[in-house]
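In case you want the letters, here they are:
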Amino acid sequence: MEIRADFSELWNQVKRLSAAPVEFDWVAAAQLDPIDIELLEGREVRLEDLDVINGLLSVDGRQVLLYIPDQFSPVDVVQASPDKGKRFHVADCKTLADMRGKGRFERYVVTNNLTGIFPISGKNSRGISEELDSRLMVCKNCLDKLNYQNYCHDSTRSHIWQSFEIACFFETYSTSFPYLPRNLTQRAIGNDYTRDWGDVSTNVRRHCGFKCDGCGLNLSEHRHLLHVHHVNGLKQDNSSVNLRPLCADCHRKQPLHDHMFISMKDMQLLTRLRRQQSILAGDWTQVLELADLSVRDALMHAKHRGFEVPEVGYGLVSQDRVTTFDVEIAWKQRRVAISVTDAPVMADWTIVSPADFIRNYS
Ligand SMILES: [Zn+2]
Ligand SMILES: [Zn+2]
Ligand SMILES: [Zn+2]
């Protein structure tokens, strides 16, 4: 039997993908592992086996959230009003510390599923054991610990809590983790670019001299970090007013771009290049525009606490000039810096993670 199949569309897609500037990291996507599939389904853990990175929860280098499937309230009641259910956790918060301290035995599950729908179990209101899928609400102590979206200082904190979105949260902290959630990369693949997108995007980037239309960074030496953004969100609309060349960082900060992430390495490179090209932050608005999203919540806290406008990206040099280290944020006068990665000890500097910054200066 002869099988005839037309693969031309497939090859068009392949050609298009390799020609188009990437919106996500193919290297990270290729590193998919059985654990990514397991985490999508949910994996039972003991609290003491959880890793904590910058105050966030992690398993094998992946960001996760933690929930408790077994409910106190009837499961059908929780399903109808999720605020009656047990909260899920996204940070190493006070509640988790309490639970650890009490050595309470419960079933804890970690997942990096972004849907916000959890399998829960318990009795229903007729007293019969049942398993259901339900939305759950995020833990307020977690938001408090991270000052997520300025939760601690914002008058709309209950709105921040109610409208919490897991994908947006994970995107905020993507540079803290070596691996990205599987379903985050998959969302980036399901796009609708036109067939000639590779040519269109190349022309736009060439025409602007490989300069970001957001921060003004020249990326002619690092062209893969310059994307072309569809302003109205329609990837079929390639009219010139709808296309905007943006560096990977300015791009991911656009509305509705929570599928987009940037690796630590690329973010640090963009930060270094901006400094080399004298793209500096003169006020708090510019600081928040240029800084890595992972430090944004700590910066909002610093601003609230009356800190001066900091340097975004700064190369620390030890007194003996032997050790150098790039930090995300630095207050030179105070000798205080925020770093997303583990920092070496520098005699006259205090270098802390974003979560520790919020704790130390609360
Ligand atoms: Zn919590
Ligand atoms: Zn930019
Ligand atoms: Zn875009």
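Cut-offs and rules
Residues numbered from 1 in each chain as written. Chains lettered and ligands numbered in written order. Predicted model: local features only at pLDDT ≥ 70, side-chain atom pairs only at ≥ 80, totals over all residues. Heavy atoms only, no water. Buried < 20%, exposed > 50% of the residue type's maximum accessible area, 1.4 Å probe, protein only. Helix = DSSP H or I, 4+ residues; strand = E, 2+ residues; numbered from the N terminus. Pairing = 2+ DSSP bridges. Contact = heavy atoms within 4.5 Å. Donors = N, O, S within 2.8 Å, 3.2 Å for Na, K, Ca; no water. Tetrahedral: all angles 85-135°; square planar, octahedral: opposite > 155°, others 65-115°. Polar contact = N/O pair within 3.5 Å; in protein donor to acceptor, adjacent residues only side chain to side chain.

- Per an unreviewed UniProt entry, the protein goes by the name HNH nuclease domain-containing protein and belongs to Pseudomonas soli.

## Let's talk about the pairing of strand β12 (residues 324–331)
Turning to step 1, where the next piece is worked out: The buried fraction of β12 amounts to 6 of the 8 residues, a majority that puts the element mostly inside the structure.
Turning to step 2, where the next piece is worked out: One ladder, built from 6 bridges, connects strand β11 (residues 311–317) with β12; its direction is antiparallel. Paired with G315 across the bridge in β12 is D326.
Turning to step 3, where the next piece is worked out: Hairpin connection of β11 to β12: 6 residues between the antiparallel strands, including R321 at a positive phi of 65°.
Turning to step 4, where the next piece is worked out: Summarising the sheet, β12 and strand β13 (residues 336–338) pair through 3 bridges and their orientation is antiparallel. Considered in β13, the bridge of A330 is made with A337.
Turning to step 5, where the next piece is worked out: Once β12 ends, the chain turns through 4 residues before running back antiparallel as β13, passing R335 with a positive phi of about 55°.

## With respect to helix α14 (residues 296–304)
Turning to step 1, where the next piece is worked out: All of the buried residues in α14 are D297, A298, L299, H301 and A302.
Turning to step 2, where the next piece is worked out: Those residues of α14 hidden inside the fold are in contact with α6 (140–146), α8 (166–172), α13 (284–290), β12, β13 and α15 (354–360).

## Brief notes about the coordination of the zinc ion (ligand 1)
Turning to step 1, where the next piece is worked out: Protein coordination of the zinc ion (ligand 1) is provided by H89 (ND1), C93 (SG), C139 (SG) and C142 (SG), with donor distances spanning 2.1 to 2.3 Å.
Turning to step 2, where the next piece is worked out: Its 4 donor atoms give the zinc ion (ligand 1) angles of 101 to 114° at the centre, a pattern that matches the tetrahedral case.
Turning to step 3, where the next piece is worked out: All donors of the zinc ion (ligand 1) come from a single chain, and their spacing in sequence reads H-x3-C-x45-C-x2-C. Separated by 50 residues along the polypeptide, H89 in the loop between α4 (75–80) and α5 (94–102) and C139 in the loop between β8 (129–135) and α6 bring together distant segments of the chain.
Turning to step 4, where the next piece is worked out: Relative accessible area serves as the criterion here: at 3%, H89 is assigned to the buried category.

## Digging into the sheet that holds strand β4 (residues 62–63)
Across a sheet, paired strands are connected by hydrogen bonds in the backbone, their directions being either parallel or antiparallel.
Turning to step 1, where the next piece is worked out: With respect to topology, 3 strands assemble into an open sheet ordered β2-β3-β4, the strand pairing being antiparallel. This sheet does not close on itself; its edge strands, each paired only once, are β2 (51–53) and β4.
Turning to step 2, where the next piece is worked out: Bridge analysis of β2 against strand β3 (residues 56–59) gives 3 bridges, and the strand direction is antiparallel. Bridging across to β3, V52 finds its partner in L57.

## Remarks on the environment of Q333
Turning to step 1, where the next piece is worked out: By the element assignment, Q333 lies in the loop between β12 and β13.
Turning to step 2, where the next piece is worked out: With a relative accessible area of 76%, Q333 lands in the exposed category.
Turning to step 3, where the next piece is worked out: In sequence terms Q333 and E308 are 25 residues apart; their C-alpha atoms lie 9.4 Å from each other.

## What to know about the side chain of T111
Turning to step 1, where the next piece is worked out: Tracing the backbone shows T111 in strand β6 (residues 108–111).
Turning to step 2, where the next piece is worked out: On the basis of relative accessible area, T111 is assigned to the buried category, the value being 3%.
Turning to step 3, where the next piece is worked out: Among the polar contacts made by the side chain of T111, one reaches the main-chain carbonyl oxygen of L39 at a distance of 2.7 Å.
Turning to step 4, where the next piece is worked out: Setting aside residues no more than four positions away along its own chain, T111 makes contact with L39, L40, G42, V64, L65, Y67 and F118.

## A few points about unusual backbone geometry
Turning to step 1, where the next piece is worked out: With a phi close to 50°, Q149 is a non-glycine residue in the positive phi region.
Turning to step 2, where the next piece is worked out: In this fold, Q149 is placed in the loop between α6 and α7 (157–162).
Turning to step 3, where the next piece is worked out: The residue N150 is not glycine, and still its phi comes out positive at about 65°.
Turning to step 4, where the next piece is worked out: Its location among the elements puts N150 in the loop between α6 and α7.
Turning to step 5, where the next piece is worked out: By relative accessible area, N150 is classed as buried at 12%.

## Points about the environment of R100
Turning to step 1, where the next piece is worked out: The topology assignment puts R100 in helix α5.
Turning to step 2, where the next piece is worked out: Given the relative accessible area of 31%, R100 is considered partly exposed.
Turning to step 3, where the next piece is worked out: Sequence-distant contacts of R100, defined by excluding residues within four places in its chain, comprise L47 and D92.
Turning to step 4, where the next piece is worked out: A polar side-chain atom of R100 sits 3.2 Å from a polar atom in the side chain of D92.

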